[in-house]
There are 2 protein chains.
Amino acid sequence: MPIQSAPNNRPLLPEPTLRRLPWYLAYVSMLKVQNVEYVSSTTISRKLNVDSSQIAKDLSFLNIKGKTRIGYDVATLERSLRDFLGFKTEHNAVIMGVGSLGSALIADSGLHRYGLNIVAGFDINPELGNVSSSGIPVYHPSELQERLMGLNAEIGIITVPAESAQDVADQLVHAGIRALWNFTPYRIRTEEGVVIANTSIYAHLAVMYNRLGMMNHNNDNG
Amino acid sequence: MPIQSAPNNRPLLPEPTLRRLPWYLAYVSMLKVQNVEYVSSTTISRKLNVDSSQIAKDLSFLNIKGKTRIGYDVATLERSLRDFLGFKTEHNAVIMGVGSLGSALIADSGLHRYGLNIVAGFDINPELGNVSSSGIPVYHPSELQERLMGLNAEIGIITVPAESAQDVADQLVHAGIRALWNFTPYRIRTEEGVVIANTSIYAHLAVMYNRLGMMNHNNDNG
């Protein structure tokens, strides 16, 4: 009974835990490729630099316990993590802004492997025609509400210029989208009950430049 | 004297400040497009949901002060932020893994606008030939050290499968790269003095799926 068991399978996890789970998944996926059968929390801890008691606590949310002396069964852990994280379920998404980053995300088959299915794009540029280079339809944003009815999409990806991000977010929410994945540096605000995930690519660049600049300066002096 | 003034221009900022500065930049860039001349910290605060005393503190790192009653000069603030964040300087980078995400990043002209110049790619797949679809050269990873000598690159972007991320990071650091931008969910470890920026696209997906799953469950019950 999948619906009734939903609260057990998908508790509202602390965000730090949710961010660590994909690290564990990446690591055990690698072990699985290498035909390793068991892994201890001590080994995971050493490899990922996460406290082993924290690992045990994180995995207890999935009702996964390691065996004394043997550790975790790699194949089971990999399957449980992938399932728990929602990567085995298809989630339909539309993408707002089919410029260079938008087209890039549409073309990234990695997203599909992690359960994201981009079903349509919207762009004000009529030159994009009706179909993206990856074969998904591209519509004018004025058709958003109408098109969404047939698309069964729950996620809206925002890859428009930063100055349009808030407008586009408002349009998506108005049209019934409940989760926004914002790739712009603009800090979108919206009503309660709408999920916002920010992937601030350019902010990460700024952090990296600053740290590099500091290091170069230190090296110049030392 | 740019080198001597470096410590003033680029102090080691707290990471939360560095992450907020691009939000301010995105907001004032929008105001500039709208021909707004001045903006108060109260307005920025309301729009971005950041405490106005925090904004004043963040901007004081750039030696920027607002004028009483008038606020910040939009054009000056925009220019200072863009400059301070390193977006006006070209930073050369190489990219490891020219698969779907790697090609996508190479094609994203937004990165170039933010100062990132991807000068070469490396991939074990010989079918990629010598040139990516965007025109940058693609080499075999065994040529990394040799090719890097002529490229003046300081950043290595990692878009290989997660199970190869650590190996590739080690190769980059060995070849002299001082900053790693990791797009895989694998948690790379490296020696001190190397900058690591993680953009965990798939971790963000996991958080979004979990929050959406919770909401759907609550809606089913309510």
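Because the structure is predicted, anything quoted here is derived from the model rather than measured.

**Some points on the packing of aromatic side chains**
In total, this model carries 12 aromatic pairs over all chains according to the counting rule given. Ring plane angle 45° and centroid distance 4.7 Å describe the contact between Trp181 of chain B and Phe183 of chain B, whose orientation is recorded as tilted. Each of the two residues, Trp181 of chain B as well as Phe183 of chain B, counts as buried. Connected via pairs of aromatic rings, a cluster forms that spans Phe87 and Tyr114 of chain A together with Tyr202 and Tyr209 of chain B.

**Thoughts on the environment of Phe61 of chain B**
Here Phe61 of chain B is to be found in the loop between α4 (52-60) and β2 (72-73). Distance in space between the C-alpha atoms of Phe61 of chain B and Val39 of chain B is 18 Å, their sequence separation being 22 residues.

**Considering unusual backbone geometry**
The phi dihedral of Asn49 of chain B is positive, around 60°, even though this residue is not glycine. Within the fold, Asn49 of chain B resides in the loop between α3 (41-48) and α4.

**Details of the relation of the copies chain A and chain B**
When chain A is fitted to chain B, the residual RMSD is 0.0 Å, and the transformation amounts to a turn of 180° plus an axial shift of 0.0 Å. Both copies are brought into coincidence by an operation consistent with a two-fold rotation axis. Judged by C-alpha distance, Ala104 of chain A is the residue of chain A that lies nearest the rotation axis, at 2.1 Å. Here 100% of the contact residues of chain A are again contact residues in chain B; the copies associate through an equivalent surface.

**Focus: the sheet that holds strand β4 (residues 116-122) of chain A**
Residues and elements named next belong to chain A. Strand order in the open sheet formed by 6 strands is β5-β4-β3-β6-β7-β8, and the pairing between neighbours is parallel. The sheet terminates laterally at β5 (138-139) and β8 (195-198), the two strands that pair on one side only. Where strand β3 (residues 91-96) and strand β6 (residues 155-158) come together, 4 bridges link them in parallel fashion. Of the residues in β6, the one forming a bridge with Ala93 is Ile155. Running at roughly 160° to β3, helix α6 (residues 100-107) makes contact with β3, β4 and β6 of the sheet.

**Concerning helix α9 (residues 165-174) of chain B**
Given 3.6 residues per turn, any residue in an α-helix points the same way as the ones three and four places further on. All names here are of chain B. If you check which residues of α9 are buried, you get Ala165, Gln166, Val168, Ala169, Leu172 and Val173. Angular distribution of buried residues about the axis of α9 spans 160°; they occupy a single face of the element. Looking at the buried side of α9, the elements it contacts are β3 (91-96), α8 (144-148), β6 (155-158) and β7 (179-182). Just downstream of α9 lies Gly176, where phi reads positive at about 105°.

**Here we look at the domain arrangement of chain A**
For chain A, the assigned domains read domain 1 (4-84) and domain 2 (91-203). For domain 1 of chain A versus domain 2 of chain A, the distance between C-alpha centres works out to 31 Å.

**Side note on the interface of chain A and chain B**
Size of an interface, as often reported, equals the accessible area lost when the parts are brought together. Counting from both sides, the interface comprises 71 residues of chain A and, opposite them, 71 residues of chain B. With both sides pooled, the region where chain A packs onto chain B buries about 6,900 Å², and carbon together with sulfur makes up 67% of that total. At the junction of chain A and chain B, the tally comes to 0 salt bridges. Counting the contacts that link chain A with chain B gives 19 residue pairs in polar contact (both at pLDDT 80 or more). Secondary structure elements with two or more residues in the side of chain A that touches chain B: α1 (6-9), α2 (15-33), α3 (41-48), α6, α7 (109-113), β7 (179-182), β8 and α10 (201-221) of chain A. Among the elements that make up the side of chain A that touches chain B, the one with the highest residue count is α10 of chain A (18 residues). When grouped by side-chain class, the residues that make up the side of chain A that touches chain B number 43 nonpolar, 15 polar and 13 charged.

**Brief notes about the pattern of salt bridges**
Here the structure, examined in full by the defined rule, presents 12 salt bridges over all chains. When the shortest N-O distance is used, the salt bridge between Glu15 of chain A and Arg19 of chain A registers 3.1 Å. Of this pair, Glu15 of chain A and Arg19 of chain A both sit in helix α2, 4 residues apart, roughly one helical turn. What makes Glu15 of chain A partly exposed here is its relative accessible area of 32%. Where Glu78 of chain B meets Arg82 of chain B, a salt bridge forms, and the shortest distance between an N and an O atom there is 3.2 Å. Placement of both Glu78 of chain B and Arg82 of chain B in helix α5 (residues 74-84) is noted, with a separation of 4 residues, approximately one turn of the helix. Salt bridges linked by common partners bring Lys32, Glu78 and Arg82 of chain A together as one network.

**Some details on the pairing of β8 of chain A**
Residues and elements named next belong to chain A. Residue alternation in β8 divides its side chains into a buried set, Val195 and Ala197, and an unburied set, Ile196 and Asn198. Two elements, β7 and β8, share 4 bridges in a ladder whose sense is parallel. Bridging from a neighbouring strand, Leu180 pairs with Ile196 of β8.

**Quick notes on the pairing of β6 of chain A**
Regular strands place their side chains on alternate faces of the sheet. All names here are of chain A. Both faces of β6 are covered, namely the face carrying Ile155 and Ile157 and the face carrying Gly156 and Ile158. Sheet topology note: the β6/β7 ladder contains 4 bridges and is parallel. Opposite Ile155, over in β7, you have Ala179 as the bridge partner. For the segment spanning β6, helix α9 (residues 165-174) and β7, crossover handedness is right-handed.

**Looking at the sheet that holds β7 of chain B**
Residues and elements named next belong to chain B. Taken in spatial order, the 6 strands make up an open sheet running β5-β4-β3-β6-β7-β8, and their pairing is parallel. Strands at the two margins of the open sheet, each flanked by one partner only, are β5 (138-139) and β8 (195-198). Sheet strands touched by helix α6 (residues 100-107): β3, β4 (116-122) and β6. Its angle to β3, the strand with the most contacts, is close to 160°.

**Examining the packing of α2 of chain A against α3 of chain A**
Residues and elements named next belong to chain A. Direction vectors running N to C along α2 and α3 enclose 105°, while the axes themselves pass 11 Å from each other. One way to sum up the angle between α2 and α3 is to call them roughly perpendicular. Contacts between α2 and α3 involve Trp23, Tyr24 and Tyr27 from the former and Thr43, Ile44, Lys47 and Leu48 from the latter. Split by residue class, the contact of α2 with α3 holds 5 nonpolar, 1 polar and 1 charged.

About the thresholds
Residues numbered from 1 in each chain as written. Chains lettered and ligands numbered in written order. Predicted model: local features only at pLDDT ≥ 70, side-chain atom pairs only at ≥ 80, totals over all residues. Heavy atoms only, no water. Phe/Tyr/Trp six-rings, centres within 6.5 Å; stacked < 30°, edge-to-face > 60°. Buried < 20%, exposed > 50% of the residue type's maximum accessible area, 1.4 Å probe, protein only. Helix = DSSP H or I, 4+ residues; strand = E, 2+ residues; numbered from the N terminus. Least-squares fit on C-alpha atoms with pLDDT ≥ 70 in both. Contact = heavy atoms within 4.5 Å. Pairing = 2+ DSSP bridges. Axes fitted to C-alpha atoms, helices over the stretch in contact; angles between N-to-C directions. Arc of directions from axis to C-beta. Domains from an automatic or database assignment. Buried area = accessible area lost by both parts, 1.4 Å probe. Salt bridge = Lys/Arg side-chain N within 4 Å of Asp/Glu carboxyl O. Polar contact = N/O pair within 3.5 Å; in protein donor to acceptor, adjacent residues only side chain to side chain. Nonpolar A, V, L, I, M, F, W, Y, C, P; charged D, E, K, R; others polar. Right-handed = clockwise from strand over helix to strand, strands pointing away. Parallel < 35°, antiparallel > 145°, perpendicular 65-115°, else oblique.

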